[in-house]
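One-letter residues, chain by chain:
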Amino acid sequence: MSDWSEITRQILEERGASRFYSNVFYRDSVDSSNEWVKELGEVHFPEGTVGIADAQTAGKGRRGRTWVSPSGENIYFSLLLRPEFSPEHAAALTLVMGLSVAQAIREVTDLPVGIKWPNDVVINHKKVCGILTEMNAEVGKIHYVVIGTGINVNQTAFAEEIRNMATSIKIESGDNDADRGVLLAHVLLYFKENYLKYCETEDVSLLIDSYNDLLVSRGLQVRIEDPKGEYIAISRGITRTGGLVVECEDGSTREITSGEISVRGLYGYT
Ligand code: BTN
């Protein structure tokens, strides 16, 4: 497979972002781009190092799941960051990447892309991108963060178990193959802008409006699947720390922060 990320480097250069993204590496196949970039983190590669893979043989999803990563179709990349803020602020970086992917897809395609809180990017109620953030830290200090992102770009067939939940840009657009290198450049450009804003306030204060504009559940009824008990509420949008505010049937509001709690639409995955 030829290095399709050459166009990514070119666009980053043209748009003045190649100082931030000073190392953009490409490999035809890796076990997991997160494992690869964590190794680069251990040997002191700088913030902004990116590892892009055409395929993964052991792609990792959240909660110990596998991220199936065939070659020649999709984007799999991991980004190394070395933020100066304390470790409790790192989790919301996943939201920042989700926002950046959604903004990039919206710019490069005309598709009705949205975000399912906290960080799944969806098109027509199906997931098109997944993000796995890992961190190496000690109390009060981050050594590095690796944000791994998989975007389904040109894949046209999914395994039976995920077929009703997963989609790709090509399936939704019905067009020819989308250019992975161009899309990835836009993701990285949006991420750089959003990340600098995040670092300014150490929360998503400056990104709330952009995020809430893309939040698919906003203003709609959702089912809150809390291990302590399920309930129905209206999704109102995120707070500066990245929690989701919901309005309960009695008019009271609650902020959902825990990854243990799923928020679903009343009809289906989103
Ligand atoms: C999820 O379960 O939704 C998260 C999926 C994250 C997949 C990406 S693909 C690039 C990076 N490398 C990995 O092994 N996983 C992430």
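Since we're looking at a predicted model, the values are computed, not measured. (Residues numbered from 1 in each chain as written. Predicted model: local features only at pLDDT ≥ 70, side-chain atom pairs only at ≥ 80, totals over all residues. Heavy atoms only, no water.)

## What about the site of the ligand?
- Taken together, 19 residues lie around the ligand, and S32, Q56, K60, R62 and K127 are the ones closest in.
- The separation between a nitrogen atom of the ligand and a polar side-chain atom of Q56 is 2.9 Å.
- At a separation of 2.7 Å, an oxygen atom of the ligand approaches a polar side-chain atom of K127.
- For the shell around the ligand, the element with the highest residue contribution is strand β6 (residues 126–138), accounting for four residues.
- Partitioning the shell around the ligand into residue classes produces five nonpolar, eleven polar and three charged. (Near = heavy atom within 4 Å. Polar contact = N/O pair within 3.5 Å; in protein donor to acceptor, adjacent residues only side chain to side chain. Helix = DSSP H or I, 4+ residues; strand = E, 2+ residues; numbered from the N terminus. Nonpolar A, V, L, I, M, F, W, Y, C, P; charged D, E, K, R; others polar.)

## Side note on the domain arrangement of the protein chain
- The assigned domain composition of the protein chain is domain 1 (3–213) and domain 2 (217–263).
- One C-alpha centre belongs to domain 1, the other to domain 2; they are set 25 Å apart.
- Opposite the twelve residues of domain 1 that make contact, domain 2 presents 15 residues.
- Interface of domain 1 and domain 2: buried area, both sides summed, is about 1,100 Å²; carbon and sulfur atoms make up 54% of it.
- Ranking the residues of domain 1 by area buried against domain 2 places W117, D203 and N212 at the top, with a combined share of 56%.
- At the junction of domain 1 with domain 2, the criterion picks out one salt bridge.
- For R240, the salt bridge identified is with D203, shortest N-O distance 3.2 Å. (Domains from an automatic or database assignment. Contact = heavy atoms within 4.5 Å. Buried area = accessible area lost by both parts, 1.4 Å probe. Salt bridge = Lys/Arg side-chain N within 4 Å of Asp/Glu carboxyl O.)

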